[in-house]
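Breakdown of the fold
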Amino acid sequence: RFLIGRFEQRLQTISRATASRQWNQLKAVLALQPGRSAATAAQLESQSSGGYWPLHRTPAGTLYRPHEKLRHLTCVFHRPEEEKVLRCPECGHTIFGDWFFVSPKNHRTSV
């Protein structure tokens, strides 16, 4: 937080930085430190970039689709009939998932 504060003092805003998106993501993550709310962090992120939480690459309300390499793993299965709602406990970001991982060791299934 100290470094970000110093950086902002020099440039007046992080948006002028070469890696402004990364700086804003770091700033949003740091906003979740004790004494700050998830809403504050989400507000910082929405002001700086795409409007959704920086750690969530899938836009809210959409269906998650893993990378092709992951889809081809023998322990990853597509089950569209078992679609699940996935909600972030920190900010409420919600997506849907119908790809499942089945552990080869204990055969437990997870989204």
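Refer to the structure printed above.
These remarks concern the structure in this document. (Residues numbered from 1 in each chain as written. Predicted model: local features only at pLDDT ≥ 70, side-chain atom pairs only at ≥ 80, totals over all residues. Heavy atoms only, no water.)

1. Digging into the pattern of salt bridges
Scanning the entire structure with this criterion turns up 1 salt bridge. Note that arginine 79 and glutamate 82 form a salt bridge whose closest N and O atoms lie 4.0 Å from each other. A residue is classified by how much of its surface remains accessible, and arginine 79, at 21% relative accessible area, is partly exposed. Overall, the relative accessible area of 33% leaves glutamate 82 in the partly exposed class. (Salt bridge = Lys/Arg side-chain N within 4 Å of Asp/Glu carboxyl O. Buried < 20%, exposed > 50% of the residue type's maximum accessible area, 1.4 Å probe, protein only.)

2. A few points about the sheet that holds strand β3 (residues 84–87)
With mixed pairing, 3 strands are arranged side by side in an open sheet as β1-β4-β3. The open sheet is flanked by β1 (63–64) and β3, the only strands paired with a single partner. In terms of strand pairing, β1 meets strand β4 (residues 94–97) through 2 bridges, oriented parallel. Of the residues in β4, the one forming a bridge with tyrosine 64 is glycine 97. (Pairing = 2+ DSSP bridges. Helix = DSSP H or I, 4+ residues; strand = E, 2+ residues; numbered from the N terminus.)

3. Thoughts on the packing of aromatic side chains
Counted according to the given criterion, the structure contains 0 aromatic pairs. Here arginine 79 stacks its cationic end above the ring of phenylalanine 100, 5.5 Å away from the centre of that ring. (Phe/Tyr/Trp six-rings, centres within 6.5 Å; stacked < 30°, edge-to-face > 60°. Lys NZ or Arg CZ within 6 Å of the ring centre and 35° of its normal.)

4. Some remarks on the state of the cysteines
Applying the stated criterion across every chain yields a total of 0 disulfides. A disulfide-free cysteine, cysteine 88 has its sulfur positioned 3.9 Å from the sulfur of cysteine 91, the nearest such atom. Assessed through its relative accessible area of 16%, cysteine 88 is described here as buried. Residue classification places cysteine 91 among the partly exposed residues on the basis of a relative accessible area of 29%. (Disulfide = S-S within 2.5 Å.)

5. Some words on the pairing of β4
Where a strand is regular, its side chains alternate between the two sheet faces. Direction of pairing for β3 relative to β4: antiparallel, over a ladder of 4 bridges. Residue valine 85 lies in a different strand from β4, and its bridge partner there is phenylalanine 96.

6. Overview of the environment of valine 76
Along the chain, the position of valine 76 falls in strand β2 (residues 76–78). Separated by 24 residues in the primary sequence, valine 76 and phenylalanine 100 place their C-alpha atoms 5.6 Å from one another.

7. Here's the deal with the side chain of threonine 58
Positionally, threonine 58 belongs in the loop between α3 (38–48) and β1. Residue threonine 58 is classed as buried on the basis of its relative accessible area, which comes to 16%. Setting aside chain neighbours within four positions, we find threonine 58 in contact with Leu63, Tyr64, His93 and Ile95. (Contact = heavy atoms within 4.5 Å.)

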